[in-house]
Amino acid sequence: MSTQLQRTETEGDESPQEQRLERKSLAEGEREAQRTEEESTGDETPHVHLKVFRYDPEVEAKREPRFDDFRVPAPQGTTVLDALMYARDEFDSTLTFRHSCRQAVCGSDALFINGSQRLGCQTQIQDLDQRPVRVEPLPHQEVEKDLVVDMEHFYDQMEAVEPYFQGETPDEEEQLQSRENREKVKMSTRCIWCGACQSSCNIAAGDNEYLGPAAINKAYRFAMDEREDDDIKKHRMNILEQEHGVWRCQTQFSCTEVCPKDIPLTEHIQEMKREAVKDNLKFW
Amino acid sequence: MSQSHNRGLIEDFGRWREFAPGMWAWIFHKFTGWVLIGYLFTHVAVLSTAISGPQLYTTTLRSLESLLLVRVLEVGLLAVATFHIMNGIRLLFIDLGVGLESQDKSFYASLVLTGAIAVASVPTFLSGAF
């Protein structure tokens, strides 16, 4: 419940986060026309044309990447993942992609859909403007097969910031966090490790050592947690302050733009930069 | 997996239509920055003619100013410098954590301001050029 965003109806004093969410859903109205158009093509179910990236290094004839076309039924509510699963089950059982929970929680199916990093299960066909729908594996990561990319490096970066709570456990009680502090880290806890942000980041693409938005966001979540000792915070800041830590971010806002969980990533990275400066500034 | 495929094509500039405002701001900032560095060298070169005396400096500047291309480029230079300053201020605010929510709007604002200032400078830079 606490991770749920509460939308207020009042126009005037919306929080910046709410404003951003509103902007993200603004294009909704424009798609309405297309939606009705698709629905009105006779009695039969509307179909969607998928163009899917294919590549298989283990089969001689498939070593050269190509795009396969699928025409799959897409009634209202069909997600890109649904369409892919239909294509796999009905047309080509060799079509490979990761998926698990189908409700934007597991973070397995981050894909490059119509030129943007999105979760296949969170993206409804009707919400996409372009036809055919282009489905590609995440950019900036090496492709293992079809839509499956090598996530090893991403996980390494996440591990590098020690993404676990390191507070002292008191003897008898649980570790209580103040409401204010919980609010502060709330958005950062929503990360599902899908790797969309890392894939969208230009800097991470050019600098393999750069921690990347997801890892810095993870570090933010724990560094801002007041239950951890100052020593641990210092230790966390030491990781972030390195040359390839927070300072590589050039505020392109690509990560914030694509994050399926609407985490204000750039904001968090900038805050860690300021923390790093505060950490090292000495006036005497 | 024995092998994996590294695609060069997907991340190229051909995707420019999908670039977000923040990305454009970054590209323009880099571009204008490099232009300004390039200009700095020509600027120093032109100024250094004064070492050989005021005569040479005056003739160099006069002959440069008589070229229509130079007059037009001056407007471009002003636009480049203005955008770099405007976006620099925008980045400063972003670094301070101020107005991160309207980063796209502030980018558009710096574009509009740049355009307005460049247009307003045309009479000054191009007067008597034609």
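Residues numbered from 1 in each chain as written. Chains lettered and ligands numbered in written order. Predicted model: local features only at pLDDT ≥ 70, side-chain atom pairs only at ≥ 80, totals over all residues. Heavy atoms only, no water.

Let us now look at the sheet that holds strand 4 (residues 116-119) of chain A. All names here are of chain A. Here we have five strands laid out as an open sheet, ordered 2-1-5-3-4, and mixed in their pairing. Among the strands making up the open sheet, the edge pair consists of strand 2 (66-73) and strand 4. Geometrically, the sheet is characterised by an average inter-axis angle of 35° between neighbouring strands, direction not taken into account. Bridge analysis of strand 1 (residues 47-54) against strand 2 gives eight bridges, and the strand direction is antiparallel. Paired with phenylalanine 53 across the two strands is phenylalanine 67, which belongs to strand 2. In this fold helix 3 (residues 80-90) packs onto strand 1, strand 2, strand 3 (110-113) and strand 5 (133-136), with an angle of close to 100° to the strand it touches most, strand 2. (Pairing = 2+ DSSP bridges. Helix = DSSP H or I, 4+ residues; strand = E, 2+ residues; numbered from the N terminus. Axes fitted to C-alpha atoms, helices over the stretch in contact; angles between N-to-C directions. Contact = heavy atoms within 4.5 Å.)

Residues and elements named next belong to chain A. With respect to the helices and strands, lysine 145 occurs in strand 6 (residues 143-145). A residue is classified by how much of its surface remains accessible, and lysine 145, at 18% relative accessible area, is buried. There is a polar contact of 3.0 Å between the side chain of lysine 145 and the side chain of threonine 96. (Buried < 20%, exposed > 50% of the residue type's maximum accessible area, 1.4 Å probe, protein only. Polar contact = N/O pair within 3.5 Å; in protein donor to acceptor, adjacent residues only side chain to side chain.)

Remember that side chains alternate between the two faces of the sheet whenever the strand is regular. Of the strand pairs in this sheet, strand 1 of chain A and strand 5 of chain A are connected by three bridges, and their pairing is parallel. For Val52(A), the partnering residue across the bridge sits in strand 5 of chain A and is Val135(A).

Before going further, it helps to spend a moment on the state of the cysteines. Residues and elements named next belong to chain A. Inspection of every chain in the model, using the stated rule, returns zero disulfides over all chains. Distance from the sulfur of cysteine 249, which forms no disulfide, to the nearest cysteine sulfur (cysteine 255) is 6.4 Å. Here cysteine 259 is not disulfide-linked; the sulfur of cysteine 194 is the nearest cysteine sulfur, at 6.5 Å. With a relative accessible area of 9%, cysteine 259 lands in the buried category. (Disulfide = S-S within 2.5 Å.)

Residues and elements named next belong to chain A. Summed over all chains, the structure comprises 17 salt bridges over all chains. The salt bridge involving lysine 145 is made with aspartate 56; its shortest N-O contact spans 4.0 Å. You can see lysine 145 sitting in strand 6 and its partner aspartate 56 sitting in the loop between strand 1 and strand 2, a full 89 residues away along the chain. Comparing lysine 145 with aspartate 56 shows no difference in burial state: the two are buried. With a shortest N-O distance of 3.6 Å, glutamate 183 and lysine 186 are connected by a salt bridge. Linking glutamate 183 with lysine 186, this pair stays in helix 5 (residues 179-186), spanning three residues, or about one helical turn. Glutamate 183 gets classed as partly exposed once you look at its relative accessible area, which sits at 49%. (Salt bridge = Lys/Arg side-chain N within 4 Å of Asp/Glu carboxyl O.)

All names here are of chain B. Mapped onto this numbering, the UniProt entry gives "transmembrane region" (unreviewed entry) at residues 23-47, 68-86 and 106-126. In the segment residues 23-47, helix accounts for 100% and strand for 0%; the C-alpha atoms at its two ends are 36 Å apart. Within residues 68-86, the helical portion is 100% and the strand portion 0%, while the C-alpha atoms at the span's ends are 27 Å from each other. (UniProt positions renumbered as here; feature names shortened; annotations may be inferred.)

Turning our eyes to something else, we now look at the domain arrangement of chain A. All names here are of chain A. Taken domain by domain, chain A holds domain 1 (45-149) and domain 2 (152-167 + 177-280). One C-alpha centre belongs to domain 1, the other to domain 2; they are set 29 Å apart. With 13 residues of domain 1 at the contact, the number on the domain 2 side is 13 residues. Taken together, both faces of the contact between domain 1 and domain 2 bury some 970 Å²; the carbon and sulfur share is 53%. Here domain 1 and domain 2 share zero salt bridges between them. Where domain 1 touches domain 2, the interface holds five residue pairs in polar contact (both at pLDDT 80 or more). For the side of domain 1 that touches domain 2, the per-class residue count stands at seven nonpolar, six polar and no charged. (Domains from an automatic or database assignment. Buried area = accessible area lost by both parts, 1.4 Å probe. Nonpolar A, V, L, I, M, F, W, Y, C, P; charged D, E, K, R; others polar.)

To continue, consider the environment of Phe83(B). Residue and element names in this part refer to chain B. Turning to its location among the elements, phenylalanine 83 is positioned in helix 3 (residues 68-95). Note on phenylalanine 83: relative accessible area 4%, which makes it buried. Along the primary structure phenylalanine 83 and valine 112 are separated by 29 residues, whereas in three dimensions their C-alpha atoms are 9.3 Å apart. Residue contacts for phenylalanine 83: discarding those within four places in its chain leaves Ala25, Phe28, His29, Thr32, Gly88, Phe107, Ser110, Leu111 and Thr114.

A separate point is a nonpolar patch on the surface. A contiguous nonpolar surface patch, about 570 Å² in accessible area, is contributed by Ile85(B), Ile89(B), Leu92(B), Phe93(B), Leu96(B) and Val98(B). In this structure, Ile85(B) sits in helix 3. (Patch = residues over 30% accessible without salt bridge, like charges linked within 9 Å, V, L, I, M, F, W, Y side chains within 5 Å. Areas by Shrake-Rupley, 256 points an atom, 1.4 Å probe, with all protein chains shown as cover.)

Residue and element names in this part refer to chain A. Looking only at helix 5, the buried set comprises Asn181, Val185 and Lys186. Summarising the axial view, the buried residues of helix 5 lie within an arc of 145°, below the 170-degree limit, and thus occupy one face. Exposed residues on helix 5 whose side chains face more than 90 degrees from its buried face are Arg179 and Glu180. Buried residues belonging to helix 5 abut helix 8 (213-223). (Arc of directions from axis to C-beta.)

The next thing to look at is the environment of Asp109(A). Residues and elements named next belong to chain A. Within the secondary structure, aspartate 109 sits in the loop between helix 3 and strand 3. Given a relative accessible area of 3%, aspartate 109 falls into the buried group. Along the primary structure aspartate 109 and arginine 190 are separated by 81 residues, whereas in three dimensions their C-alpha atoms are 16 Å apart. For aspartate 109, the residues in contact, after removing those within four places along its chain, are Leu81, Arg98, His99, Arg118, Leu119, Gly120 and Cys121.

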